[in-house]
Amino acid sequence: MPERVAITGVSAITPVATTAADFAAALRAGRSGVRPISAFPAAGFETRIAAEVDGAFDPSSFAQPRKAAKLMSRATLFAVAAAAMARQDAGLGSGDVDPERLAVSLGAGGMGPVDLDMLQGQHAAILAAAREQEGGYEHTDLAAFARAYRALTNPIQGLRGLPNSAAANVAIQQNARGPNNTIATACTSGTQAIGEGMRLIRSGAADVVFAGGTDAMVNPVGILGFGLLGTLSRRNDEPERASRPFDRDRDGFVVGEGAAVVVLERESFARARGARVLAEAAGYGVTCDAYRITDERPDASGATAAIRRCLEDAGADPGDVQYINAHGTGTKMNDQLETRAIRAALGAHAQAVAVSSTKSMIGHLVAAAGAVECVACVIALAEQFLPPTINYDTPDPECDLDYVPNRARPRRIDAALSNSFGFGGQNACLMIRRW
Amino acid sequence: MPDDTALVTRDELTAMVRRVIAEVLVIPADQVRDDSAIVADLGAESIDFLDLLFRLEEVLGRKVPIERWQRFLEERLPGASYATAITTTVVADFAEQEWRRAAA
């Protein structure tokens, strides 16, 4: 019988709060973090709203020495800050764990340029090449592009786009010399990173894991990329009302940004150092649809199987679960199929379970989504309340569960599930249980 | 940096190099002394020199190939440990060489 996995510290950098304590208060208040985009001039974009982290929060203040921040994208800076805050929350001093027994498991994104600087650099090089070349702009003269890129691009810039940048920089900052995993499974990254972190503890590969996810896709390419796929809300005139999972009039998700880290510890290790335990990371289920890149299986069988496996992994029955933090993006397809999966996996008990989407408040944090939502479950357990689904006005006949509409509710919670589903047919589910 | 080569003094060049080193390492300019070792005293790592050369190109307004920097070090500091031997003065000497090369 492997030891249990304890959660001893959490952090959450979100569009509604930059500390876990403030995040808890925002969830209870049902506050929206969706606003007109401030990161770049979005006039002319079909979607001009997003959920951004407060500009007054400076994640680079967590990076030491200060020059280390030069090599970090916004997403990596969020991860570095989140890891530092989670470690502090766990009361884990530098001498408290053998660095080689300290692991990192982080969900990270990575679609094209990681920030505005990088985008502008590439754009400038293409323009310069186009000006130089003869015979019009129909093709890109790669030799001219190479000359312009060489002249305009700081060589160190590309390192900000390294896929494992977040996990590697967290390791450097935290002296974490054990296993170092980057999980890049789109919108399920954060959930899988925590699940795979649990496995590092159970297998004996580590005593402590900084597990979570980070993303920062509120940049022109991120907004355009999701927009072209038709997944984004265009409710530009009512930003705070735009993210409306499970509501009949939902029209897509709102891009969010941020990071969250949970500190996972082997039970005996946590006990030996007298750590305060917030909750148990009790179960993890993961599957792949093996069907389509963006469509889910119409019978939701992949998602259903992930939830079932998670329950099995935790040795739990459907009846043990009081709360589900849904993937709940606010797209037509996700919310219907997720409802179907919950019904299939929980059977008759689905009617008695409270299901909410915190994305209604913070938007979709993509690779960080599952990590932040895991922290929302830890908070719900610790404070015994159900975070609401805000903007829930009109029921959709295809979505017929208790979505905790609009107001947080007190509730005895012993176990919570957190769902994540992603492009590529990724399905993952975590169970967080009272310790 | 002014375009007219004749107007640039060695003092100005040294001050510019100190400013660039401070920018690259994100430290206060007054921490960068003429005899500071860029690696041992100021904490530079290998990629900081790529950043340094890129920024020198920007302020000098001309291309500074990394091969020339490497050759300069081999000739200037034969057999020395770069960690302690590359000082602000050495970088300023290189900047001056590049500046004169362009003016010639």
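Residues numbered from 1 in each chain as written. Chains lettered and ligands numbered in written order. Predicted model: local features only at pLDDT ≥ 70, side-chain atom pairs only at ≥ 80, totals over all residues. Heavy atoms only, no water.

Participant: What exactly am I supposed to notice about the overall build of chain A here?
Facilitator: Across its full length, chain A carries 13 helices and 14 strands. Since a compact globule built from 435 residues should have a radius of gyration of about 22 Å, the 21 Å found for chain A is in line with a globular shape. Counting only C-alpha atoms, chain A reaches 70 × 55 × 40 Å along its principal axes. The buried share of chain A, reckoned over its 435 residues, is 60%. Accessible surface for chain A amounts to roughly 16400 Å². Of this, 52% is attributable to carbon and sulfur atoms. The positive charge centre, built from 42 side chains, and the negative charge centre, built from 47, are 3 Å apart in chain A. (Helix = DSSP H or I, 4+ residues; strand = E, 2+ residues; numbered from the N terminus. Rg over C-alpha atoms; globule rule 2.2 N^0.38 Å. Buried < 20%, exposed > 50% of the residue type's maximum accessible area, 1.4 Å probe, protein only. Areas by Shrake-Rupley, 256 points an atom, 1.4 Å probe, with all protein chains shown as cover. Lys, Arg positive; Asp, Glu negative; His and termini not counted. Charge placed at Lys NZ, Arg CZ, Asp CG, Glu CD.)

Participant: Can you walk me through the side chain of Asn236 of chain A in this structure?
Facilitator: Positionally, Asn236 of chain A belongs in the loop between α7 (220–228) and α8 (239–242). A distance of 2.8 Å separates a polar side-chain atom of Asn236 of chain A from the backbone oxygen of Glu46 of chain A. (Polar contact = N/O pair within 3.5 Å; in protein donor to acceptor, adjacent residues only side chain to side chain.)

Participant: Would you mind showing me how to read the pattern of salt bridges here?
Facilitator: Oppositely charged side chains can pair when the atoms bearing their charge come close. Residue and element names in this part refer to chain A. Taken as a whole, this structure holds 43 salt bridges over all chains when the rule is applied. The shortest N-O distance in the salt bridge between Glu267 and Arg4 comes to 3.3 Å. Of the two residues, Glu267 is situated in helix α9 (residues 267–272) and Arg4 in the segment before β1 (5–13); the sequence distance between them amounts to 263 residues. Under the relative-accessibility criterion, Glu267 is labelled buried at 15%. Note that Asp414 is salt-bridged to Arg412, the shortest N-O span being 3.0 Å. Judged by relative accessible area, Asp414 falls into the partly exposed class, the value being 25%. Judged by its relative accessible area of 55%, Arg412 is exposed. (Salt bridge = Lys/Arg side-chain N within 4 Å of Asp/Glu carboxyl O.)

Participant: Mind showing me how you'd approach the sheet that holds strand β9 (residues 323–325) of chain A here?
Facilitator: Backbone hydrogen bonds are what pair the strands of a sheet, in a parallel or an antiparallel way. All names here are of chain A. As summarised here, the arrangement of the 10 strands in space is β5-β4-β6-β7-β1-β8-β14-β13-β9-β10, forming an open sheet in which the pairing is mixed. Since the sheet does not close on itself, it has two edges, and those belong to β5 (180–183) and β10 (354–356), each with one partner. Looking at each pair of strands side by side, their axes are set apart by 25 degrees on average, direction ignored. Relative to strand β14 (residues 426–433), strand β13 (residues 415–422) is paired through eight bridges, and the arrangement is antiparallel. Across the sheet, the residue bridging to Ser420 is Ala428, located in β14. (Pairing = 2+ DSSP bridges. Axes fitted to C-alpha atoms, helices over the stretch in contact; angles between N-to-C directions.)

Participant: For this particular structure, what's the right way to read the confidence of the model for chain B?
Facilitator: Should the pLDDT be low somewhere, the predicted coordinates at that spot are not to be read in detail. Across chain B, pLDDT averages 92, with 93% of residues at or above 70. Interface confidence for the predicted complex, expressed as ipTM, amounts to 0.85; the pTM equals 0.94. (pLDDT = per-residue confidence, 0-100.)

Participant: How should I be thinking about the environment of Leu60 of chain B in this particular structure?
Facilitator: Tracing the chain through its elements places Leu60 of chain B in helix α2 (residues 46–60). In this structure Leu60 of chain B touches Met16, Ala95, Glu98 and Trp99 of chain B, once residues within four positions along its chain are discounted. (Contact = heavy atoms within 4.5 Å.)

Participant: What should I look at first to understand the environment of Leu73 of chain B in this one?
Facilitator: Residue and element names in this part refer to chain B. Within the secondary structure, Leu73 is located in helix α3 (residues 66–76). By relative accessible area, which is 4% here, Leu73 ends up buried. Separated by 18 residues in sequence, Leu73 and Val91 have C-alpha atoms that sit 9.5 Å apart. Residues contacting Leu73, with those up to four places away along its chain left out, are Pro78, Tyr82, Ile86 and Val90.

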